[in-house]
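What follows is each chain in one-letter form.
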Amino acid sequence: VSTQSTWGFNQEMEKKNPIVLGYWNIRGIAEPIRLLMEYLGVIYAEELYEVGPAPDYSLESWLKKKFTMGLDFPNLPYLIDSPIKITESMAIIRYICYKYEPKLLGTKLDECAYVDMITCVLYDFVRDKNEMMYTPDLSKVPKVKVDSVHDKIKKFAKMLETKKYIAGDKLTYLDFILVETLESINNLLEPIFTTYPSLNRYFNEIISLPNIQKYRSSEKYKKEQKPFNNKMARVGSSVAPLPQQI
């Protein structure tokens, strides 16, 4: 993978002062960031925060540091690439692309516009999917949200019948967001990789990328085994959750 960027960086310096990614000790919305950095061979360290046990689910591990780090809008995830400090997952993803591989943002005007559009679609997709996973009683989730998740699954499956990646023949940062979203749905809500062969093909395409395959088969990945969701979630708060139908 090329790491040429108009912004430039010093690999030796980054070994001494790696990028720091801060987030809960789960996959969540930080996993696409990890996938992106692993794909690009970025050297990074993690600061992980643990939610307390039920019934309080204390956030104290994060709250005691939240306003001491010099973040303009303190939140998780955060990324520190001294002197740069940013929050919000999409801003982090785009920053990494700008610095290491701008082509992952799109290379032509129409492609960039399409990537931006699908980014907004994925935001809604992830939000509604998370509502289904975190709401204690699935029947309390508005039907419109459940229908929206089903509709987007079908639309992505249809698109990927004719596309290698979500934006076409070229990999973009979208693929790391979508593949994590689809895997969480498949493992926790519905076996979509069985129902939709195009999604199964796509999932295997992404996780077979050499650096992603290396990451997911590493001892560090296997040892940590982060759950998809946090402790207060209805599903996915442990490493091996029971499948739930939607």
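Before reading on, note that the structure itself is shown above.
Residues numbered from 1 in each chain as written. Predicted model: local features only at pLDDT ≥ 70, side-chain atom pairs only at ≥ 80, totals over all residues. Heavy atoms only, no water.

Draft legend 1. Broad picture of the sheet that holds strand β2 (residues 44–49). Taken together, the 4 strands give an open sheet; going across it, the order is β2-β1-β3-β4, and neighbouring strands pair in mixed fashion. Lying at the two open borders of the sheet, with one neighbouring strand each, are β2 and β4 (84–87). Across the sheet, the axes of successive neighbouring strands diverge by a mean angle of 15 degrees, strand direction being ignored. Pairing analysis gives 4 bridges linking strand β3 (residues 78–81) to β4, with the strands arranged antiparallel. The residue bridging D81 from the neighbouring strand is I84, located in β4. On the sheet, helix α2 (residues 31–40) packs against β1 (19–24) and β2 and is oriented at approximately 155 degrees with respect to β1. Against the sheet, helix α4 (residues 89–100) touches β1, β3 and β4, its axis set at about 140 degrees to β4. (Pairing = 2+ DSSP bridges. Helix = DSSP H or I, 4+ residues; strand = E, 2+ residues; numbered from the N terminus. Axes fitted to C-alpha atoms, helices over the stretch in contact; angles between N-to-C directions. Contact = heavy atoms within 4.5 Å.)

Draft legend 2. Geometry of the environment of R127. Mapped onto the secondary structure, R127 falls in helix α5 (residues 109–134). C-alpha of R127 to C-alpha of I185: the two residues are 58 residues apart in sequence and 12 Å apart in space. Within the local environment of R127, its side chain forms a polar contact with the side chain of D128, the two groups lying 3.2 Å apart. (Polar contact = N/O pair within 3.5 Å; in protein donor to acceptor, adjacent residues only side chain to side chain.)

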